[in-house]
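A look at the structure
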Amino acid sequence: MVEKFSEDEIENYRKIFQSMDKDASGNISSKELSFALRKVGVSVNSEQIDDIMKDVDVDSDGNLQFEEFLQIAAKSTKDVDAEEELKEIFMIFDRENTGFIAPGQIKHVMKSLGQPMNDEELYEIMGEGDRDQDGLLSFEEFTALMLAKEAPKQQT
Ligand SMILES: [Ca+2]
Ligand SMILES: [Ca+2]
Ligand SMILES: [Ca+2]
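Only a predicted model underlies this, so the values are computations on that prediction, with no experimental measurement involved. (Residues numbered from 1 in each chain as written. Chains lettered and ligands numbered in written order. Predicted model: local features only at pLDDT ≥ 70, side-chain atom pairs only at ≥ 80, totals over all residues.)

Things to note about the overall build of the protein chain
Inclusion rule: Here a strand is any run of E in DSSP of at least two residues, a helix any run of H or I of at least four, and the numbering for each starts at the N terminus. Buried residues are those with 20 or more other C-beta atoms within 10 Å of their own C-beta, exposed residues have 12 or fewer, and partly exposed residues lie in between; C-beta atoms are placed from the backbone.
When helices and strands are counted, the protein chain shows eight helices and four strands. Along its sequence from the N terminus, the protein chain presents helices and strands in the succession α-β-α-α-β-α-α-β-α-α-β-α. Residue burial in the protein chain is summarised as follows: out of 156 residues, 10% are buried.

Re the UniProt feature "domain: EF-hand" (unreviewed entry) in the protein chain
The cut-off we apply is this: UniProt positions are given in the numbering used here, feature names are shortened, and annotations may be inferred rather than shown by experiment.
Residues annotated in UniProt with the feature "domain: EF-hand" (unreviewed entry) correspond here to residues 8-43, 44-79, 81-116 and 117-152. Secondary structure over residues 8-43 splits into 64% helix and 6% strand, and the C-alpha atoms at its two ends are 29 Å apart.

A word on the packing of helix 6 (residues 103-112) against helix 7 (residues 119-129)
So the rule is basically this: Axis lines are fitted to C-alpha atoms, over the contacting stretch for helices. Their N-to-C directions set the angle, which ranges from 0 to 180 degrees. Note on terminology: angles under 35 degrees are roughly parallel, angles over 145 are roughly antiparallel, angles of 65 to 115 are roughly perpendicular, and the others are oblique. Crossing handedness follows the turn of the near helix against the far one: under a right angle anticlockwise gives a left-handed crossing, and clockwise gives a right-handed one. For every residue pair, C-beta atoms are placed from the backbone, and the pair is scored as a contact if these atoms sit within 7 Å. Amino acid classes used here: Ala, Val, Leu, Ile, Met, Phe, Trp, Tyr, Cys and Pro are nonpolar; Asp, Glu, Lys and Arg are charged; the rest, including Gly, are polar.
With their axes 10 Å apart at the nearest point, helix 6 and helix 7 run at an angle of 125° to one another. Relative to helix 7, helix 6 is oriented oblique. Judged by the sense of rotation from one axis to the other, the crossing of helix 6 with helix 7 is right-handed. Contacts between helix 6 and helix 7 involve Pro103, Ile106 and Lys107 on the former and, on the latter, Leu122, Ile125 and Met126. When its residues are assigned to classes, the contact of helix 6 with helix 7 shows five nonpolar, no polar and one charged.

Quick look at unusual backbone geometry
A positive phi is found at alanine 24, a non-glycine position, where the angle reads about 55°. Summarising the element assignment, alanine 24 is placed in the loop between helix 1 (7-20) and strand 1 (28-29). Even without glycine at this site, serine 60 takes up a positive phi of about 50°. With respect to the helices, strands and loops of the structure, serine 60 is situated in the loop between helix 3 (46-56) and strand 2 (63-64). When the 8 C-beta atoms within 10 Å are taken as the criterion, serine 60 is described as exposed.

Let's talk about the packing of helix 2 (residues 30-39) against helix 3
At a closest axis distance of 10 Å, the pairing of helix 2 and helix 3 adopts a crossing angle of 115°. When the interaxial angle is binned, helix 2 and helix 3 end up roughly perpendicular. Crossing angle aside, the handedness with which helix 2 passes helix 3 is right-handed. Contact residues: Ser30, Leu33 and Ser34 in helix 2; Ile49, Asp50, Ile52 and Met53 in helix 3.

Looking at the nonpolar core
Let me state the cut-off plainly: Note on terminology: a nonpolar core is a set of buried residues of type Ala, Val, Leu, Ile, Met, Phe, Trp, Tyr or Cys, with members joined through C-beta atoms within 7 Å.
Grouped together as the largest cluster of nonpolar side chains are six residues: Phe17, Ile28, Leu33, Leu64, Phe69 and Leu70. Setting aside residues up to four positions removed in sequence, phenylalanine 69 forms contacts with Tyr13, Phe17, Ile28 and Leu64.

What follows is the structure in structure tokens.
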């Protein structure tokens, strides 16, 4: 059995699994997998899908069973996906591609997202994130900030 996940997480993954399993067959075909990936903005060609399937389809029946699906989840949650995603977000802010985000850019992006920030909030974020206090957020600082925000609440 899978030991890496709490019951809540497994429950959560089961829901994702079921939402990917369009025809409710109890497993995910390569077609359903590529559809699901496209839906979250990851476009993969059929070769890549085959590669993924080959990797994770342990019993080689051409479909992902839930157990197999959990294996991917275990592999991908932490490392690769998160970093790629963060990089993309970072690049939205860092439009001039300087490798740093200036407070003004945060303000600008948040405003264009319909979530304007006042200076106070901005200072707070910079105060929290700008560890070397150069007035800019590097990718490392940005990552640490985002991960801190995303981290699940510790037990109270
Ligand atoms: Ca299916
Ligand atoms: Ca299988
Ligand atoms: Ca900095």
